[in-house]
Structures are given as C-alpha cells and as structure tokens.
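# Examining the three-dimensional arrangement
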Amino acid sequence: MPVDGALPAHTATSLSTRQFGIYLHVPFCRVRCGYCDFNTYTLAELGPHGAGVSSYADAALAELALARDVIERTGAAVPQVSTVFVGGGTPTMLAAADLNRMLAGIRDAFGLLPGAEVTTEANPDTITPEVAKTLTAGGFTRISLGMQSSVPHVLRTLERTHDPAGVARAVQAVRDAGLQVSLDLIYGTPGETHDDWRRSIDDAIALAPDHLSAYALVVEEGTKLAAQVRRGQVRMPDDDDEANKYELAETALAAAGFEWYEISNWSRTTDGRCRHNESYWRGDNWWGIGPGAHSHIGGVRWWNVKHPAAYANRVLAGDSPGAGRELLTPDQTYDETVLLGVRLAEGLPLTHLDDTGRAAIPALVADGLLDQSAAAAPAPAARLTLRGRLLADTVVRRLLGW
Amino acid sequence: MARNALQPAATPPDLIRNFCIIAHIDHGKSTLADRMLQITGVVDERAMRAQYLDRMDIERERGITIKSQAVRMPWQLEEQTFCLNMIDTPGHVDFTYEVSRSLAACEGAVLLVDAAQGIEAQTLANLYLAMENDLTIIPVLNKIDLPAAQPERYAEELAGLIGCDPGDVLKVSGKTGVGVEELLDEIVRQFPSPVGDADAPARAMIFDSVYDTYRGVVTYVRVVDGELKPRERIEMMSTRATHELLEIGVISPEPVPAKGLGVGEVGYLITGVKDVRQSRVGDTVTAARDGATEPLGGYQDPKPMVFSGLYPIDGSDYPILRDALDKLKLNDAALVYEPETSAALGFGFRVGFLGMLHLEIVRERLEREFDLDLISTLPSVVYEVTLDDERTVTVTNPSEFPEGKVASITEPVVRATILAPSEFIGSIMELCQSRRGNLLGMDYLSPERVEMRYTLPLAEIVFDFFDALKSKTRGYASLDYEPDGEQTADLVKVDVLLQGDKVDAFSTIVHRDKAYAYGVMMAGKLKDLIPRQQFEVPIQAAIGSRVIARETIRAIRKDVLAKCYGGDISRKRKLLEKQKEGKKRMKMVGSVEVPQEAFIAALSQDGSAVEKAKK
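Residues numbered from 1 in each chain as written. Chains lettered and ligands numbered in written order. Predicted model: local features only at pLDDT ≥ 70, side-chain atom pairs only at ≥ 80, totals over all residues. Heavy atoms only, no water.

### Thoughts on helix H17 (residues 392–399) of chain A
Rule in force here: Only protein chains enter the accessibility calculation, which uses a 1.4 Å probe. A residue is then buried if its area is under 20% of the maximum for its type, exposed if over 50%, and partly exposed in between. Each helix corresponds to a stretch of at least 4 residues labelled H or I by DSSP, and each strand to a stretch of at least 2 residues labelled E; elements are numbered beginning at the N terminus. Contact criterion: two residues are considered in contact whenever any of their non-hydrogen atoms come within 4.5 Å of each other.
Extensive coverage of H17(A) is indicated by the burial of 7 of its 8 residues. Within H17(A), burial applies to A:Ala392, A:Asp393, A:Thr394, A:Val395, A:Val396, A:Arg397 and A:Leu399. On its buried face, H17(A) sits against helix H13 (330–341), helix H14 (355–366) and helix H16 (386–390) of chain A together with helix H13 (569–584) of chain B. Downstream of H17(A) by a residue or two, A:Gly401 has a phi angle that is positive, lying close to 75 degrees.

### Focus on the interface of chain B and chain A
To keep things clear, this is the line we draw: Put simply, buried area is the surface a 1.4 Å probe can reach on two separate parts but cannot reach once they are joined, added for both. One side-chain nitrogen of Lys or Arg within 4 Å of one carboxyl oxygen of Asp or Glu is enough to make a salt bridge.
Contact residues are listed per partner, giving 27 residues for chain B and 43 residues for chain A. Taking both sides of the interface into account, the surface hidden between chain B and chain A amounts to around 3,300 Å²; carbon and sulfur atoms contribute 52%. Its largest share of buried area at the contact with chain A, chain B owes to B:Gln534, B:Arg557 and B:Arg573, together 22% of the area lost on that side. Linking chain B with chain A are 9 salt bridges, by the criterion used here. Residue A:Glu242 is joined to B:Lys558 by a salt bridge in which the shortest nitrogen-to-oxygen separation is 2.7 Å.

### Brief notes about unusual backbone geometry
In the segment running from A:Gly88 into A:Gly89, the intervening peptide bond is cis, with an omega of 20 degrees. In this structure, A:Gly89 sits in the loop between strand S4 (81–88) and helix H4 (96–109). Its identity as a non-glycine residue notwithstanding, B:Glu79 has a phi of 70 degrees, on the positive side. Turning to its location among the elements, B:Glu79 is positioned in the loop between strand S2 (70–77) and strand S3 (80–87). The backbone phi angle of B:Arg240 is positive, close to 65 degrees, even though this residue is not glycine. Residue B:Arg240 is classed as partly exposed on the basis of its relative accessible area, which comes to 48%.

### A word on the side chain of B:Thr11
All names here are of chain B. How we decide: The definition of a polar contact used here is a pair of N or O atoms within 3.5 Å, where within protein one atom must be able to donate a hydrogen and the other to accept one, and adjacent residues in sequence count solely through side-chain atom pairs.
As for its placement among the helices and strands, Thr11 is situated in the segment before strand S1 (16–23). Within polar-contact distance, the side chain of Thr11 engages the backbone oxygen of Gln7 at 2.7 Å. For Thr11, the side chain forms a polar contact with the side chain of Arg72, separated by 3.0 Å. The residues touching Thr11, leaving out its near neighbours within four places in the chain, are Leu6, Ile16, Arg72, Cys83 and Glu265.

### Considering the environment of B:Ile556
Considering the arrangement of structural elements, one finds B:Ile556 in the loop between strand S29 (546–553) and H13. Overall, the relative accessible area of 18% leaves B:Ile556 in the buried class. Each C-alpha atom, one on B:Ile556 and one on B:Pro531, is 8.4 Å from the other, the two residues being 25 residues apart in sequence. Sequence-distant contacts of B:Ile556, defined by excluding residues within four places in its chain, comprise A:Leu391, B:Arg532, B:Gln533 and B:Gln534.

### Topic: the sheet that holds strand S6 (residues 170–171) of chain B
Residues and elements named next belong to chain B. To keep things clear, this is the line we draw: Paired strands are those between which DSSP finds at least two bridges. Convention adopted: a line fitted to C-alpha atoms gives each axis, helices being fitted over their contacting stretch, and angles between N-to-C directions are expressed from 0 to 180 degrees.
Taking strand neighbours across the sheet as the criterion, the 6 strands line up as S2-S3-S1-S4-S5-S6 in an open arrangement whose pairing is mixed. Where the open sheet ends on each side, the last strands, each with one partner, are S2 and S6. Strand contacts of helix H6 (residues 180–190): S1, S2, S3, strand S4 (108–114), strand S5 (136–142) and S6, with the helix running at about 90 degrees to S2, the strand carrying the most contacts.

### Considering the packing of helix H3 (residues 56–73) of chain A against helix H12 (residues 308–316) of chain A
Residues and elements named next belong to chain A. Applied cut-off: An angle below 35 degrees is treated as roughly parallel, one above 145 as roughly antiparallel, one from 65 to 115 as roughly perpendicular, and anything else as oblique. By the definition used in this description, the sense in which the near helix is turned from the far one sets the handedness, with an anticlockwise turn below a right angle giving left-handed and a clockwise turn giving right-handed.
Their axes nearest at 9 Å, the elements H3 and H12 cross at an angle of 50 degrees. In this view, H3 runs oblique relative to H12, as classed from their interaxial angle. Classified by chirality, the crossing of H12 by H3 is left-handed. Between H3 and H12, the contacting residues are Tyr56, Asp58, Ala59, Ala60, Ala62 and Glu63 on the first element and Tyr311, Ala312, Val315 and Leu316 on the second.

### Side note on the pairing of strand S17 (residues 346–353) of chain B
In summary, the side chains of a regular strand alternate between the two faces of the sheet. All names here are of chain B. Within S17, 6 of the 8 residues are buried, which leaves the element mostly enclosed by the surrounding structure. Of the strand pairs in this sheet, strand S15 (residues 306–312) and S17 are connected by 5 bridges, and their pairing is antiparallel. Pairing of Leu310 across the sheet is with Phe349, part of S17. Across 7 bridges, strand S16 (residues 336–342) lies against S17 in antiparallel orientation. Looking at the pairing, Glu340 lines up with Gly348 of S17. Linking S16 back to S17 in an antiparallel pair, the connection comprises 3 residues.

### What about the packing of aromatic side chains?
Describing an aromatic ring pair means giving the distance of the ring centres and the angle of the ring planes. To keep it simple, the criterion reads: Whether two aromatic rings pair depends on their centres lying within 6.5 Å, for rings of Phe, Tyr and Trp, where Trp uses its six-membered ring; planes under 30 degrees apart make the pair stacked, over 60 edge-to-face, and the rest tilted. For a Lys NZ or an Arg CZ to count as sitting over a ring, it must be within 6 Å of the ring centre and within 35 degrees of the ring normal.
The tally for this structure, following the rule as stated, stands at 16 aromatic pairs over all chains. Each ring, one from A:Tyr187 and one from A:Trp197, has its centre 5.3 Å from the other, and the planes form 45 degrees; the classification is tilted. Here the residue A:Tyr187 occupies a position in strand S7 (residues 180–187), and A:Trp197 occupies one in helix H8 (residues 194–206), the gap between them amounting to 10 residues. A relative accessible area of 0% means that A:Tyr187 is categorised as buried. Ring centres of B:Tyr337 and B:Phe349 lie 5.8 Å apart, and the angle between their planes is 90 degrees; on these two criteria the pair is classed as edge-to-face. Here B:Tyr337 is found in strand S16, whereas its partner B:Phe349 is found in strand S17, with 12 residues between them in sequence. Taking relative accessible area as the criterion, B:Phe349 reaches 2% and is therefore assigned buried. Chaining the aromatic ring pairs together yields one cluster made of A:Tyr187, A:Trp197, A:Tyr246 and A:Trp266. Just above the ring of A:Trp260 sits the side chain of A:Arg389; from NZ or CZ to the centre is 4.1 Å.

### Considerations on the nonpolar core
For the record, the criterion: For this analysis, a nonpolar core means a set of buried residues of the types Ala, Val, Leu, Ile, Met, Phe, Trp, Tyr and Cys, connected via side-chain atoms within 4.5 Å.
Counting residues in hydrophobic clusters, the biggest one holds 118 residues, and the most contacted among them are A:Ile22 and A:Trp287. With 9 residues, the top contributor of residues to this core is H3(A).

### Brief notes about the pairing of S4(A)
Residues and elements named next belong to chain A. Among the 8 residues in S4, 8 count as buried, and that is most of the element. Of the pairings in the sheet, the one linking strand S1 (residues 20–26) to S4 comprises 7 bridges and is parallel in character. Pairing of Tyr23 across the sheet is with Phe85, part of S4. Looking at chain direction, S4 and strand S5 (residues 112–122) are connected through 5 bridges and run parallel.

In structure tokens:
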C-alpha cells in the first residue's frame, strides 16, 4: 500500500465509466454486542487517549480530501457520488450535525448526483423525530434501523439493548421526516425458535418498511458469543434451522409484497432497493472512509487501518490510512464477478460466464438450483431458485468449475 | 579405573564379561549406561552426549532404544584389568526376538528397576527370557536419589522374583553415580566369563545389524568359537551367502578397527553389504573356507504379525513413500511391504510389522525423516480362512477375505502378562474378558502387586488394548505379550457402505459378537465426519449382504454465506478460495465427497481426531 494511497493509472477508465459511491464507517458503539466482529469500539475501549468521537468527523473529512486528491491523480475526472452509506458501529453515536457535516464534506469534495441515495444505519433507540428531521435537512434520504429481532430473549442473547417497542417509534419518526425506512433482521440466534423468528418477521412486515435485510447469524472467532458456544453456554441451532428460517422469511415477505433482489435483501418496489448495496454485487467503485473501511476502485481492493487513533494519525498527517490492498488478477476478477453477480435476483448474464460456467448451467437447472426460464430467456442469465439461494456457494463453485 | 585396556583378539575369555541391562523404558537404563561409559573412562564428561547409546532422534524423544549396540569398556578389579561388553537391548514388546538374541550374546544381565515404580511387565518378560537363557542376574534398584524411591519395598519384590536375598539387591543412581562403581565390581565378580573353543572353526552370532549410510551394513556379533580376522571371507550360515570382511572391530564407544575378535568377544563387522537382510539377527557367521558345519541355535526369520495399509495423503507423494520404505528396509529386516490400491485412499502399500510399536515407529520415521503425511488403515492380523471347498486363503487385509462359504477361520493368539496394583484386578479382568481373553493364572508379586497371565487374540490387542488398559488402571498397569499360536474363532468381515458403495478402507474382520458394535460405531463416526452433500447419503455397515447398522447423512440445504460483510469482498472471495482448497483434499467414494480428514479421523483410534476433523 503506497503511503500516499496512489492508485494505478489503469483505474481511471473504471472511474469514468462506473458509478461511484462512498461508504463512511463510524466505528463507535455504546456497548459491544456479543455476536459482533465488526470494527467498532466503545468509549471505554478507546480510553482517554483514543480518537475522540467528537473529533472523528475531522479525520473523516481529511480522508475525503485525500480521496479526491488520489482520484484526481489517476487522471480521471472526479466522479460525482451516486450513493452514500454511513455504517458502523453505530453512526448515530455521532450527533446528527456531525453526520450532516461529513455529508457536506462529501458534497464539497465530489458533489452528489441528482437523486443520490444517502443512507445511514441507526440504532432504533437513537432516532428521535428531531434527529430524523435534522438528517433530512442535511440531505439523507434513507435510514436503516438495526431491529435484529422483536423477541426480548433473542435480543438479550444478541446483547442488543434497544426496546422492541422503540422500533415502531423510530420507524414513525423516520417516515414523518420523509425518509425511506429499512429494517435489519438477524436469524439463527441460539435459542431463537421458529415461532420467535416468525414473530420478528411479522412485526417487521407490520411496520411496512420500504426495504428489509435478513442476515444469518455467523458466530465469528473472537466474539463473546463464540466463547459462549465453545464453553457450551449457548447452543448453536442445527444446520437446517437457518434454511427453514430463510424459507419462512421468503414466504412471509413475498406474501406481503416484498421481492428479493439479493440473497439477503428484499424491497417492496424497485425504488426501495438499496442501490449502494447493489453496487457491491455489481463490482462498482466505492471509497470506504474511516477505520477498517474497505474500498474498491477499478480492480483494486484496499482496507484501512482498524484503530481509530491509528487512523486519525495517518489521515491528519496527510498519509493514506490504507493498511493493505490487493490488485485483482483477471482470474480473481472473474471469480468475483461470478461470486457477487449470482447473488442478485436479476441473475448473472450468461455472457459474463466462460465456457466452464456456461457448461455447468444445464446440470444446475436440472438440480433445481438455477431458474429454468431465466436460463432460457432471450438474454439468458444464471438466476438462483429459492433452493439455489440457500446453496449459492455450491452454485458458485460449480460455475467456476471447482 | 583402568586406563590400559585389553586389546581385542588378544583378550583371554576369562577376563571378559558380556552383559546386558534389562529395564523398562523410563527406568533409567540409558543414564546408567552413560554413567558407566564415563566412570570406565571410555567417554569423558565433556564429550558425553546425554544418553549416548540411543542414536536415533525418535529413540531419544521417546526414551526408548530400538537398535542395540555393544560397547567395550575396561574395568579394573584387584589389580586385574577386565573387558566388559555392555550389550544394549531393545526395550519393547515388538522386539522380543531381537531381545532374545541380545540376551543370547551375554552371560549376565543387570536387572534394573526404578526404585520408585517397581518392576514392569516388559521387564518381567525379559527377565524370564534371561533366566531361560541361564543368565546370571544382578538385581539393581535405580534412581535411589528420588524422594519417592522405596528401595526396601522393591528390593523385597525383586528378591521374591529371582530368589535372592533382599540384601543382595544393589542400589544405584545413574544420575548421581552413587553405587555404579560397586555395580561394575559386581559385574566382574558375579557374571561368568564366556566359554568357547578357540581352536574350532569360527562361529559368531549376529545380535544386531544396522545400516549406515557411509559404511553399509554394520553387523554386531558375539564370537562363540574360533576367531574372525579382517580380510577373510565369511559365510552367513542361513543363506550360505559369502562376503569379504572389510573391517572388524569393537565399539568403545566409537568404532575402533581391530586385528580380529576371539572367543567370547563382542564387536562389529563390515562387509560392504547394503541391506540388513543379508546380515540377519540370529544368524551364525563362520569362515567361508573350512567353516563350521553346525550353526548356533535359535535363528528365526522375522515374522510380521500386524498389517496395515499406508497411504500418502497427497497421492503424488506415492513415489516418495516407495523410496522411503526402500530406505527404511535397509535397516529393518522385519519390515515387509507390497504395493496396494484402495478405491478410497488411492495408491499405497500393505506393510507388515512385528507389532503396534513397530508400526508406530515406522510410520513416524516415514513422516518425520521423509516429510510424508500418511493415513494408515485399521491394523489387521493374519487370518487363515478355510472355505467349504477346503481351499485356504491367508488374509492380511479385509479386502482379501474370500467370497463364498467359510468353513473356519483361525486367528493368531498371544500370551500376555499384565502387572498392576492388585486393586485393579477386577477392571483388568473385565477388560480382558471383553477382549475375548482367557485367564491362565495370577500371582502376587507382593501384597500390592499382581501378575496376571492371559491368552488373548492378537487382533484384540492391536486395537487400542494398551490404551484401554492404561486408562482402566490409571496408568499403573504394564503389558507384555508374545505369540502363542492360533485358534479358530467365529469371525466375520464387516463392510461399510456409503450410498451403497463399499469403502474398502473401513472394512474389518471382527468377532461376530462385536460386528454390530463396530458397525454402529463406524457408521456413527462417519455420519459426524462426512459433510452433508447435495443429496441424502445412507451409511450402512453390513456382513455380506446383511445390513447391521445404518445412519443417514441428510442432504445439505444451506451453504451460502448470508452474513453481512459490508464491503469486505476480499474476505468473501478468500472464504470461497478456501473451500476450493478443501475440495482438493476430498476423495470421491462413488458420488460422495469425503474429506481426507474424515478418513484420518475415522481410522484413528482416538476420539479427539473426530473433533479435529469437524473443524
């Protein structure tokens, strides 16, 4: 990773042809949840000398300036931003004014395209009508609420502290402020019954969000939950539990008028899709601002140093906060195209596949993993069936001939 | 201390003492031997490596001696210089024959027992062997410097065993050197000198044979009659093969060439042969011209007792495995092998071993010295299967088990000796009964310790018997066994099938009463070890066409990584690449993908491997 973060000249082509997004990572949480392995820190963990929450926006703005500079030096015209996604951590640990200040920084550095999608994640407890209005005024268009579950014992296992009833209030506040609402759910938490999950899904549907994400709980090494599983204090649900719950979600959401557009994401309308999210699966360009944030531009993937203090030191000194990067080989690029593209409901155009991939299609259709009509359409695509969505890794391996 | 050592070929037999040390693995034999080398001035302290006699790394790490050697040491008693030949003996159950040949080269044996632990079954077996060979025994308690030592108690025990007075038991510490000089004196006083006919044609017994990369085979002999001289031609009496004697000498403790070896002397021969099979333990060496007509008694061909398939985990390592076995064979006359193919495991070798330790040592040397990763199949003994048409088939591998109506099957039997604290009699009886054992007799060595004698099918011992014995006796029991013929038994072959396809590596021959337990155990293990596939996979255990146990691996329903990774696509791709690597370690059984680790874990006898493979 070069100290100045310079990108190879060949990325200029991609910068001028593909859409460009900004991911902004806010690495702070009030408490760390037992399952979470994301790059986030509580105030206690940061200590008195850590990068302060209050000065975080300054560091982020410094990286934005660097980003613009690096992109300019590739020779490409500075792209306007199509999507902004503020994630965490808990972005709303920052004052709404700080979030707005950073968004203004993005606007100043790159400019926002008309109709740009600007999302922030939020803990339901932190969204009041005032906060929602402030964010609208600052230019946000969408809020993604971390609902996770509506069942108290599941939330306790996850160590989520929000009040389930607060989710409805937050949804109302967001909607009243004129913003789109998305809800995040987690399934497969130890101790979560089939009925618990049904209740969470039903409650989420009743809140009528524009968009809904449902992610499977993965127990990651190093989390408190992993230690509890190892010690036998909590028992992981069996292998089929997640499959059953995914199918339940699909059935309930489809009945309520939601359509899947990516394995873990549903929306009521095409407009309700998270375009920022889609850009990841389509291989578009985005710059990740903040500690531990990942970026992708024209086949270069890099990631920032994780600790907020180290991050702040780098960017305030004018250096790139990048910790490492990879320049994708053509083979890796192809693997990613398949791996990412197949996850979308629109399917992976067969023209994107090599001979091995195309040769694998008939058997995948016969095994009920790929949709027959999509494969036979005038613009044929590899489109997962419901069974295929659950076995997407198998599908990818077979398309890649592994 | 004797500085003026006697010269080989010019040492009268009455000044020679040939002896060995009989001891259990960790009872301090090597430390005592080191101390003797030092006190007799053969090795100075600075040059002394710890445990000088054990040369191979594995031996050093395991604290056991696989290959014996013989060291010549001078010792002075009452103004007379004597020549002491200390012959090192292998210390494990699988090498009984080699031990017997080492003993046959001696007139006396030092019975060395840890003063804190008392005698072990192994030692007892070798003691009996020494007594059968009419060796004079000097009982010695070692490690008397240890706080836990109970010399009085164990002196009683030893005295009871060999019929001496407890006061005659010497007490030494190899570590501090206490009592070692007295022991050397007693060796001269008590052990008889060798007797032989100096004028008869030369006859020398081979008690060890070691391959050396630079010198070829180094053969260790004890001269019984006549004299061997450099440059003469010698004959190996079992094969009638003749060789030129390129070098002859003694070890003290490095090889020193000599003008010859006379009656009663112990030394080495180098003939330039490259394979220990041409110079076999137990064989008699004589002069090629005017040689002896009668060999010394007691020669036996090494006979493999346990067979196992060895397969490289990476199939492309097969040629390396072949070369490695060819190399080990040069130094191991008991190692036999032939190529074998397994549908599940690929190309490998069927290897015959003297016993389980031999198997472990060979496998470990292959892995360590040749950097191989190996899978070994379930060990099998040698069965004789007689069919109704009176045809008899020798089966060392369940896959050779004949189709057709079986009239009878015989299996090898061993005579086992178990020593343990008497409180464990009940658990030991229970264990031996469950292994089809037959109690022959039981004797108390002391009020607290008991010797139990059993006949057991060898097949029951090769399968985790020793581990079970140890765990049932909190580690206190010791075990020795020797072949004791054959018996007929109601044995059956159990096959394991994955989706109807036989997995040859899991076939086994067991007693009919245990077939069900084996089938249930193996089917259960495999169910846990084999990842779910896109289709349902039945696992069956069967005797012939009769299914005796069944499990089902349900079809996989979800493998997608549906976690939110933010923009960390690299991680997603790497997880997928890791799956690709994992796939390379898959073996196909029919259309079922079985990870290599599942084979290893299912074939290992230790439950923890199952856990590891699941990771």
